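# Coordinate inspection notes
Each chain, written out:
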Amino acid sequence: MNGLHDYTPIVGQEVIEQLQRLAERLTRRRFVHINSTRTGGGVAEILSRAVPLLNQLGLETTWEVIIGDPEFFEITKAMHNGLQGDRVRFTPRMMEHYREINRENAKRFDWEADFVLVHDPQPAALIEHLRPRAPKWVWRCHIDASRPQRHVWKFLREYVIRYDASVFSMSSFAQNLPHPQYLIHPSIDPLSDKNRDLTAGEVQAVMDRLGIRKDRPIILQVSRFDSFKDPMGVIQAFKMVRRHTSCQLLLVGGEATDDPEGPEIFARVKEAAAGDPDITILLLPPDSHYEVNALQRAADVIVQKSVREGFGLTVTEAMWKGKPVIGGAVGGIVLQIRDYHTGFLVHSPEGCAFRIRYLLHRPEMARRMGKLAREFVRRHFLITRHIRDYLTLMLFIDNPGSRFIEL
Ligand code: UDP
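Read on for a plain summary of the structure. Model, not experiment: these values are computed from the prediction.

## A word on the pairing of strand 12 (residues 343–346)
Here strand 12 shows a buried face lined by Gly-343 and Leu-345 and a second buried face lined by Phe-344 and Val-346. By the bridge criterion, four bridges tie strand 11 (residues 325–328) to strand 12 in an arrangement that is parallel. Within the sheet, the bridge partner assigned to Ile-326 lies in strand 12 and is Phe-344.

## Let's talk about the site of the ligand
The immediate surroundings of the ligand are formed by 16 residues, with Gly-42, Arg-224, Lys-229, Gly-254 and Glu-317 found nearest. At 3.2 Å, a backbone N or O of Gly-253 approaches an oxygen atom of the ligand. The separation between an oxygen atom of the ligand and a polar main-chain atom of Thr-314 is 3.2 Å. For the ligand, the accessible surface in isolation is 540 Å², of which the surrounding protein chains cover 89%. Secondary structure elements with two or more residues in the shell around the ligand: helix 3 (42–56) and helix 12 (313–320). For the shell around the ligand, the element with the highest residue contribution is helix 12, accounting for three residues. In the shell around the ligand, the residues fall into three nonpolar, seven polar and six charged.

## A short note on the side chain of Asn-102
With respect to the helices, strands and loops of the structure, Asn-102 is situated in helix 5 (residues 92–108). Looking at Asn-102, the relative accessible area reads 0%, which means it is buried. Reaching out from Asn-102, the side chain makes a polar contact with the backbone nitrogen of Leu-126 at a distance of 3.3 Å. Once residues within four sequence positions are removed from consideration, Asn-102 is found in contact with Phe-72, Gln-122, Pro-123, Ala-124, Ala-125, Leu-126 and His-129.

## Thoughts on the nonpolar core
If you look at the biggest cluster of nonpolar residues, it comprises 108 residues, and the most contacted ones within it are Tyr-98, Trp-139 and Leu-391. Considering every element that reaches this core, the biggest residue donor is helix 16 (residues 383–398), with eight residues. The contact partners of Leu-391, leaving out residues within four places of it in the chain, are Leu-19, Leu-22, Ala-23, Leu-26, Leu-54, Leu-57 and Leu-59.

## What to know about the pairing of strand 7 (residues 218–222)
Of all the five residues making up strand 7, five are buried; the element is thus mostly covered by neighbouring parts of the structure. Where strand 7 and strand 8 (residues 248–253) come together, five bridges link them in parallel fashion. Bridge pairing links Leu-220 to Leu-250 in strand 8. Remark: the strand 7/helix 9 (residues 231–242)/strand 8 crossover connection has right-handed handedness. Two elements, strand 7 and strand 10 (residues 301–304), share two bridges in a ladder whose sense is parallel. Paired with Ile-219 across the strands is Val-301, a residue of strand 10.

## Considering the sheet that holds strand 2 (residues 60–65)
With parallel pairing, the six strands of this open sheet are ordered in space as 2-1-3-4-5-6. Strands at the two margins of the open sheet, each flanked by one partner only, are strand 2 and strand 6 (181–183). Strand after strand, the sheet turns through a mean of 20° between neighbouring axes, direction not considered.

## Here's the deal with the packing of helix 4 (residues 70–83) against helix 5
Here helix 4 crosses helix 5 at 115°, and the two axes come no closer than 10 Å. Judged by the sense of rotation from one axis to the other, the crossing of helix 4 with helix 5 is left-handed. In contact with Glu-71, Phe-72, Ile-75, Thr-76, Ala-78 and Met-79 of helix 4, helix 5 contributes Arg-93, Met-94, His-97, Tyr-98, Ile-101 and Asn-102. Considered class by class, the residues forming the contact of helix 4 with helix 5 number seven nonpolar, three polar and two charged.

## Regarding helix 9
Helix length check: helix 9 (twelve residues) gives 16 Å between terminal C-alpha atoms against 16 Å at 1.5 Å per residue, within 8%. Taken together, the buried positions of helix 9 are Pro-231, Gly-233, Val-234, Ile-235, Ala-237, Phe-238, Met-240 and Val-241. Along its buried surface, helix 9 packs onto strand 7, strand 8, helix 10 (262–273), strand 9 (279–283), strand 10 and helix 14 (349–360).

## Some remarks on the sheet that holds strand 9
Read from one edge to the other, the open sheet built from six strands follows the order 9-8-7-10-11-12, with strand pairing classed as parallel. Since the sheet does not close on itself, it has two edges, and those belong to strand 9 and strand 12, each with one partner. For this sheet, the mean inter-axis angle between neighbouring strands, taken without regard to orientation, is 20°. Against the sheet, helix 11 (residues 289–298) makes contact with strand 7, strand 8, strand 9 and strand 10, and its axis sits at roughly 145° relative to strand 7, the strand it touches most.

## So, helix 2 (residues 13–24)
Spanning twelve residues, helix 2 covers 17 Å between terminal C-alpha atoms, matching the ideal 16 Å at 1.5 Å per step. Within the sequence span of helix 2, burial applies to Ile-16, Leu-19, Leu-22 and Ala-23. The arc enclosing the buried residues of helix 2, seen along the axis, measures out at 125°, which places them on a common side. Helix 2 presents Glu-14 and Glu-24 as exposed residues on the side facing more than 90 degrees away from its buried surface.

Criteria and cut-off values
Residues numbered from 1 in each chain as written. Predicted model: local features only at pLDDT ≥ 70, side-chain atom pairs only at ≥ 80, totals over all residues. Heavy atoms only, no water. Buried < 20%, exposed > 50% of the residue type's maximum accessible area, 1.4 Å probe, protein only. Helix = DSSP H or I, 4+ residues; strand = E, 2+ residues; numbered from the N terminus. Pairing = 2+ DSSP bridges. Near = heavy atom within 4 Å. Polar contact = N/O pair within 3.5 Å; in protein donor to acceptor, adjacent residues only side chain to side chain. Areas by Shrake-Rupley, 256 points an atom, 1.4 Å probe, with all protein chains shown as cover. Nonpolar A, V, L, I, M, F, W, Y, C, P; charged D, E, K, R; others polar. Contact = heavy atoms within 4.5 Å. Core = buried A, V, L, I, M, F, W, Y, C linked by side-chain atoms within 4.5 Å. Right-handed = clockwise from strand over helix to strand, strands pointing away. Axes fitted to C-alpha atoms, helices over the stretch in contact; angles between N-to-C directions. Left-handed = near helix turned anticlockwise from the far one by under 90°. Expected span 1.5 Å × (residues − 1). Arc of directions from axis to C-beta.

Purely geometric stuff here, so don't read any function into it on its own.
Encoded structure:
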């Protein structure tokens, strides 16, 4: 694991000192994060990097993961889809099972803490049982909750209102809640295996190992196999591009233990790509950070054609590698892609195809946009900024009513 000072060449000494000053006010405070998977997806990705850094800063930070049976994860995926606006079945029986699994998990935990940060809907009901274990509870919503199905949100809200605050990734996701709501953007770690610099030789070695030949430009999307990530739309766009331009599509995905829909969507994608020699689908193990890094660097154009997105860490990751990203104009993607500057926002497979062609035919323009993209990430979406936001949040909720906090 990298030390805090390893970030100085990237973010500057001042940023590191600011983190240390903030953390001094919180030394030895116990900070517990709770989510529903240790691998797969953006939340696990962030926690695996943020928790060690918070410990280095002197906060006693731990990361707990709830355990559930397949039925529980079917239910929470339905909640997730419903909160992102899909019509879903969410019955009283499902609600009861959700409560029951949270109740069982609560019995497994024996910590006491100063701050608890509960990520997403899966463990949200823990507060019902564990509230006395910590004075401050914050619910952190990572999903695009701008237009939730009312019955799903109504159910979840009963738990969320018990928290002291909630955190969303975008202001448009904020809800009608009786407590303060904060805005914190996710982040990537520039020193992790997923994002650190690689040599051309290292990139090539991964390509060789995975059997990918760079004889035609590579269009890449890295995502869980989830309908909101629209892999079918990517295939459609790719097929339109290929009519005029020689290229290949690489769809890279993995499984998240809290996402039961993956295999079904994967099967559909495989069927849509069947027999097409220009489409490669790679199902990588969840710890393939280094491989994903190399693939993102090897790609000519990176796409994230989501139709709903809480934030979209894959966009940040690609931008950090100096790639202009073509992203669906939804959720957190619009915070990252400044249309025509750091990438392109699209609304359809046709639009996506048009922009892929545009970038493939203008490599110099792509390079310039990629440079701006990397700088944009450096300023806004690195883990040091994220940790600063968490520390500031804790100081705020620890000092209710204070307008100034002296450091
Ligand atoms: N990811 C990965 N392997 C895969 C698919 C995704 O390592 O096969 C990582 C990806 O690099 C990113 C995270 O999982 O760090 C996905 O985060 P994002 O916010 O894009 O989407 P989420 O899955 O959380 O909806």
